[in-house]
Amino acid sequence: MGDVLAGIHATWEFDTDAVLIRFERGIRAPKLFQSLRERRIPYAALSSVTLTPGKRNTVVLRAVPRVGADPLVEAAAGQLKEGYDPYRLVLPAEREVLAEYYADELRTVLDPASDEPADRFLVAAPEAPMSFKAYDGRAGFDGDRVSFRWSWTGASSTKWKAGDQTFRVGELAGIVWRSPEALDGYLRLIPRTAAPVDHRAGGSLDDTLGPVAGEGETGGPAAGEPSASRAADQDPAAVLFGLGYGPVHESLPFAAAVLESVRRTQPGSGGPAPALVSAGRRDPADIAERIHHLGELHRAGLVTDAEFSAKKAELLSEL
């Protein structure tokens, strides 16, 4: 198309095979956008395009990514607030006709298989090296290894006894990023000895919804002790977030970069997603919370209708 569409906090430049999104770096722009700077989104990575009314006399043009196409979206697992969505372009309402034109143009270049999950990441992950300060230590990633260096003031005695940790991406099966805007935010690494990984949710689907029964651990104080069933402050394969620690604009790009590297090193990573596993928790309040979270993943397009129905039925059967 070769055109440019400028909106609030971002500008979309349409090329022959991709849309280049350049994010505003002004003080009012979301910090995640400032961190990402720009992203090239191949049209093959998109499943659909929508145009809806926005707030305060605006319209919102949104390109919906395919499941499994973007490591940032997969790591976020439906937890990003609307204002942090990098696929939204907010425009003044008087530009609605122009926005509709570009929405129609985008729809004509979508891949014929756009309704199907992508068999590999099509959008580039943020580049290493990267680091951020967590509540209980500092996390670093050099493109090959993830390191956790515990702090004197925040780390638990369990983590101090285990010592600073280093994980090669080849030893990992996935990651779980729990937003720092939640009460129990953390970044957890899932070793290869852990449960099967659903790459579309950043780790196993049940890691996103809750602990996985019988999951293994790497680097912990006791071999074979479940990792996801332990509190993150006791797990040497996890770092905690908190007020001012591990903010979204630092920890999410980090998680996406690690996830992309892990996915790339896995044999047969282009094949079908592995089977989902049961969390095995029976507390009614917890199951209700997990069903609510599952619904959020479903509405975000990260879980198919069939997966949503099957998983919801499985959770209800645990009552």
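Reading the values: the criteria
- Residues numbered from 1 in each chain as written.
- Predicted model: local features only at pLDDT ≥ 70, side-chain atom pairs only at ≥ 80, totals over all residues.
- Heavy atoms only, no water.
- Helix = DSSP H or I, 4+ residues; strand = E, 2+ residues; numbered from the N terminus.
- Buried < 20%, exposed > 50% of the residue type's maximum accessible area, 1.4 Å probe, protein only.
- Contact = heavy atoms within 4.5 Å.
- Areas by Shrake-Rupley, 256 points an atom, 1.4 Å probe, with all protein chains shown as cover.
- Core = buried A, V, L, I, M, F, W, Y, C linked by side-chain atoms within 4.5 Å.
- Pairing = 2+ DSSP bridges.
- Axes fitted to C-alpha atoms, helices over the stretch in contact; angles between N-to-C directions.
- Expected span 1.5 Å × (residues − 1).
- Arc of directions from axis to C-beta.

Draft legend 1. Inspection of the overall build of the protein chain at higher detail. The helix and strand tally for the protein chain stands at 8 helices and 14 strands. Evaluated residue by residue, the protein chain yields a buried proportion of 51% over its 319 residues. For the protein chain, the proportion of contacts with a sequence separation of at least 24, taken over those separated by at least 6, is 62%. As displayed, the protein chain has an accessible area near 14600 Å², and 52% of this comes from carbon and sulfur atoms.

Draft legend 2. Examining the environment of A77 more closely. Looking at the element boundaries, A77 is found in the loop between α2 (71-76) and β7 (88-92). The exposure class assigned to A77 is buried, which follows from its relative accessible area of 2%. Distance from A77 to V176, taken between C-alpha atoms, is 8.9 Å for residues 99 residues apart in sequence.

Draft legend 3. Summary view of the nonpolar core. With 64 residues, the main nonpolar core has W12, L61, I175, W177, L187 and F254 as its most contacted residues. Broken down by element, the residue count for this core peaks at 9 residues, all from helix α6 (residues 248-265). Membership of the second largest hydrophobic core comes to 6 residues, among which are V176, Y186, I190 and A232.

Draft legend 4. Quick peek at the pairing of strand β8 (residues 130-133). Burial along β8 is one-sided: M130 and F132 are buried, while S131 and K133, pointing the other way, are not. In the sheet, β8 pairs with strand β9 (residues 137-141) via 4 bridges, with the strands oriented antiparallel. Paired with K133 across the bridge in β9 is R138. The hairpin formed by β8 and β9 contains 3 residues between the paired strands.

Draft legend 5. Representation of the sheet that holds β7 within the structure. Strand order in the open sheet formed by 3 strands is β5-β6-β7, and the pairing between neighbours is antiparallel. The open sheet is flanked by β5 (46-53) and β7, the only strands paired with a single partner. Mean inter-strand twist for the sheet, computed between neighbouring axes without regard to direction, equals 15°. Bridge count for β5 against strand β6 (residues 58-65) is 7 bridges, and the pairing is antiparallel. Within β6, the position partnered with P53 by the bridge is V59.

Draft legend 6. The sheet that holds strand β10 (residues 145-150), seen in detail. Read from one edge of the open sheet, 4 strands run β8-β9-β10-β11, paired in antiparallel fashion. Since the sheet does not close on itself, it has two edges, and those belong to β8 and β11 (165-168), each with one partner. Geometrically, the sheet is characterised by an average inter-axis angle of 10° between neighbouring strands, direction not taken into account. Packed on one face of the sheet, α6 meets β8, β9 and β10 and runs near 140° to β8.

Draft legend 7. Highlighting the environment of A93. Looking at the element boundaries, A93 is found in the loop between β7 and α3 (96-108). A93 sits 38 residues away from K55 along the chain, and the two C-alpha atoms are 9.6 Å apart. If near-sequence neighbours (up to four positions away) are discounted, A93 is found in contact with N57, T58 and V59.

Draft legend 8. Spatial organisation of α3. The terminal C-alpha atoms of α3, which comprises 13 residues, lie 19 Å apart, in line with the 18 Å expected from a rise of 1.5 Å per residue. Residues of α3 that are buried: A99, Y102, A103 and L106. One side of α3 holds all its buried residues, which, seen down the axis, span an arc of 105°. Relative to its buried face, α3 has exposed residues pointing more than 90 degrees away, namely V97 and T108. Close packing links the buried residues of α3 with β1 (4-6), β2 (10-14), β5, β6 and β7.

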